[in-house]
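# Residue-level structural notes
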Amino acid sequence: PSSPVASDEGCRSLVCFGCGDTTSLDDESWAELLAAERSSDLGECMRRLHPYHHKMVAAYRSNIGRVPIAGGQRAEVYCQFADARIRLSGNPLDPLAAADLERAAVCYRAAGDA
(Lines give C-alpha, C1' and ligand atoms only; values in the text may rest on other atoms or scores of the structure.)
Protein backbone atom coordinates (compact mmCIF):
# COMPACT_ATOMS: atom_id res chain seq x y z
CA PRO A 1 0.00 0.00 0.00
CA SER A 2 1.16 3.52 -0.71
CA SER A 3 0.75 6.73 1.16
CA PRO A 4 -0.08 10.12 -0.34
CA VAL A 5 3.46 11.29 0.38
CA ALA A 6 5.51 8.35 -0.90
CA SER A 7 7.33 8.38 -4.22
CA ASP A 8 9.12 5.10 -3.55
CA GLU A 9 9.05 2.70 -6.51
CA GLY A 10 7.51 0.06 -4.27
CA CYS A 11 4.48 2.25 -3.53
CA ARG A 12 2.59 1.72 -6.77
CA SER A 13 -0.23 -0.22 -5.11
CA LEU A 14 -3.26 1.78 -4.01
CA VAL A 15 -5.74 0.29 -1.55
CA CYS A 16 -9.34 1.39 -1.04
CA PHE A 17 -9.97 1.59 2.70
CA GLY A 18 -13.70 1.18 2.08
CA CYS A 19 -13.79 -2.11 0.18
CA GLY A 20 -10.19 -3.33 0.41
CA ASP A 21 -9.77 -3.49 -3.38
CA THR A 22 -6.19 -2.97 -4.61
CA THR A 23 -4.99 -1.47 -7.87
CA SER A 24 -1.51 -0.78 -9.17
CA LEU A 25 -0.30 2.14 -11.24
CA ASP A 26 1.05 1.42 -14.71
CA ASP A 27 4.35 2.92 -15.93
CA GLU A 28 2.65 5.87 -17.66
CA SER A 29 0.60 6.86 -14.59
CA TRP A 30 3.63 6.45 -12.34
CA ALA A 31 5.74 8.67 -14.63
CA GLU A 32 3.06 11.40 -14.53
CA LEU A 33 3.05 11.38 -10.73
CA LEU A 34 6.83 11.55 -10.53
CA ALA A 35 6.89 14.42 -13.04
CA ALA A 36 4.31 16.33 -10.98
CA GLU A 37 6.32 15.79 -7.82
CA ARG A 38 9.47 17.14 -9.51
CA SER A 39 7.68 20.07 -11.16
CA SER A 40 7.94 23.62 -9.87
CA ASP A 41 4.60 24.44 -11.54
CA LEU A 42 2.07 24.29 -8.69
CA GLY A 43 -0.82 24.03 -11.15
CA GLU A 44 0.67 20.84 -12.57
CA CYS A 45 1.12 19.48 -9.07
CA MET A 46 -2.48 20.23 -8.14
CA ARG A 47 -3.78 18.30 -11.14
CA ARG A 48 -1.78 15.17 -10.34
CA LEU A 49 -0.96 14.94 -6.64
CA HIS A 50 -3.09 14.05 -3.64
CA PRO A 51 -4.27 17.24 -1.82
CA TYR A 52 -2.36 16.14 1.30
CA HIS A 53 0.87 15.33 -0.54
CA HIS A 54 3.80 16.93 1.29
CA LYS A 55 4.41 19.35 -1.58
CA MET A 56 0.81 20.61 -1.50
CA VAL A 57 0.68 20.86 2.29
CA ALA A 58 3.93 22.85 2.30
CA ALA A 59 2.44 25.30 -0.23
CA TYR A 60 -0.74 25.70 1.85
CA ARG A 61 1.21 26.18 5.07
CA SER A 62 3.63 28.68 3.56
CA ASN A 63 0.68 30.86 2.53
CA ILE A 64 -1.31 30.66 5.77
CA GLY A 65 -0.39 34.27 6.58
CA ARG A 66 -2.43 35.40 3.59
CA VAL A 67 -5.62 33.93 5.04
CA PRO A 68 -7.47 36.63 7.02
CA ILE A 69 -7.81 36.15 10.77
CA ALA A 70 -11.15 37.99 10.75
CA GLY A 71 -14.21 35.80 11.06
CA GLY A 72 -12.13 32.81 12.07
CA GLN A 73 -11.02 32.14 8.50
CA ARG A 74 -7.42 31.31 9.38
CA ALA A 75 -8.55 29.24 12.35
CA GLU A 76 -10.77 27.18 10.05
CA VAL A 77 -7.80 26.41 7.80
CA TYR A 78 -5.84 25.15 10.82
CA CYS A 79 -8.84 23.00 11.77
CA GLN A 80 -8.83 21.56 8.24
CA PHE A 81 -5.11 20.78 8.58
CA ALA A 82 -5.83 18.99 11.87
CA ASP A 83 -8.76 17.04 10.41
CA ALA A 84 -6.66 15.95 7.44
CA ARG A 85 -3.80 14.87 9.70
CA ILE A 86 -6.15 12.82 11.88
CA ARG A 87 -7.65 11.12 8.80
CA LEU A 88 -4.20 10.33 7.40
CA SER A 89 -2.70 9.10 10.66
CA GLY A 90 -5.84 7.43 12.00
CA ASN A 91 -4.92 8.86 15.40
CA PRO A 92 -7.30 11.41 16.96
CA LEU A 93 -4.53 12.25 19.45
CA ASP A 94 -1.88 12.94 16.78
CA PRO A 95 0.53 15.57 18.18
CA LEU A 96 0.78 17.44 14.86
CA ALA A 97 -3.01 17.69 14.69
CA ALA A 98 -3.01 18.94 18.28
CA ALA A 99 -0.50 21.64 17.33
CA ASP A 100 -2.77 22.78 14.47
CA LEU A 101 -5.77 22.84 16.81
CA GLU A 102 -3.79 24.97 19.22
CA ARG A 103 -2.95 27.37 16.37
CA ALA A 104 -6.64 27.44 15.48
CA ALA A 105 -7.53 28.38 19.05
CA VAL A 106 -5.01 31.23 19.00
CA CYS A 107 -6.47 32.47 15.71
CA TYR A 108 -10.05 32.23 16.99
CA ARG A 109 -9.04 34.29 20.04
CA ALA A 110 -7.27 36.85 17.84
CA ALA A 111 -10.41 37.10 15.70
CA GLY A 112 -12.53 37.63 18.79
CA ASP A 113 -14.38 34.34 18.27
CA ALA A 114 -13.13 32.64 21.45
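Report on the accompanying structure. (Residues numbered from 1 in each chain as written. Predicted model: local features only at pLDDT ≥ 70, side-chain atom pairs only at ≥ 80, totals over all residues. Heavy atoms only, no water.)

Helix and strand counts for the protein stand at five helices and two strands. When the helices and strands of the protein are listed from N to C terminus, the series reads β-β-α-α-α-α-α. Expressed as a percentage of its 114 residues, the buried residues of the protein come to 23%. In the protein, of all internal contacts separated by at least 6 residues, the share reaching a separation of at least 24 is 30%. (Helix = DSSP H or I, 4+ residues; strand = E, 2+ residues; numbered from the N terminus. Buried < 20%, exposed > 50% of the residue type's maximum accessible area, 1.4 Å probe, protein only. Contact = heavy atoms within 4.5 Å.)

Turning next to the pattern of salt bridges. In the structure shown here, the tally under the stated rule is three salt bridges. Residue Asp94 is joined to Arg85 by a salt bridge in which the shortest nitrogen-to-oxygen separation is 3.1 Å. Judged by its relative accessible area of 6%, Asp94 falls in the buried class. When its relative accessible area of 34% is taken as the criterion, Arg85 is described as partly exposed. Residues participating in the shared-partner salt-bridge network are Arg61, Asp100 and Arg103. (Salt bridge = Lys/Arg side-chain N within 4 Å of Asp/Glu carboxyl O.)

This brings us to the nonpolar core. The biggest cluster of nonpolar side chains holds seven residues, and these are Ile64, Ala75, Tyr78, Cys79, Phe81, Ala104 and Cys107. Of all elements in the fold, only helix H4 (73-89) and helix H5 (95-111) reach the threshold of two or more residues within this core. The contact partners of Ala75, leaving out residues within four places of it in the chain, are Ala104, Cys107 and Tyr108. (Core = buried A, V, L, I, M, F, W, Y, C linked by side-chain atoms within 4.5 Å.)

Our next topic: the state of the cysteines. Counted under the stated rule, the structure contains zero disulfides. Note on Cys79: no disulfide assigned, nearest cysteine sulfur contributed by Cys107 at a separation of 9.2 Å. (Disulfide = S-S within 2.5 Å.)

Moving on, we get to a nonpolar patch on the surface. Judged by side-chain polarity, Leu42, Met46 and Tyr60 come together as a nonpolar surface patch covering roughly 280 Å² of accessible area. Inspection of the secondary structure puts Leu42 in helix H2 (residues 42-48). Judged by its relative accessible area of 38%, Leu42 falls in the partly exposed class. (Patch = residues over 30% accessible without salt bridge, like charges linked within 9 Å, V, L, I, M, F, W, Y side chains within 5 Å. Areas by Shrake-Rupley, 256 points an atom, 1.4 Å probe, with all protein chains shown as cover.)

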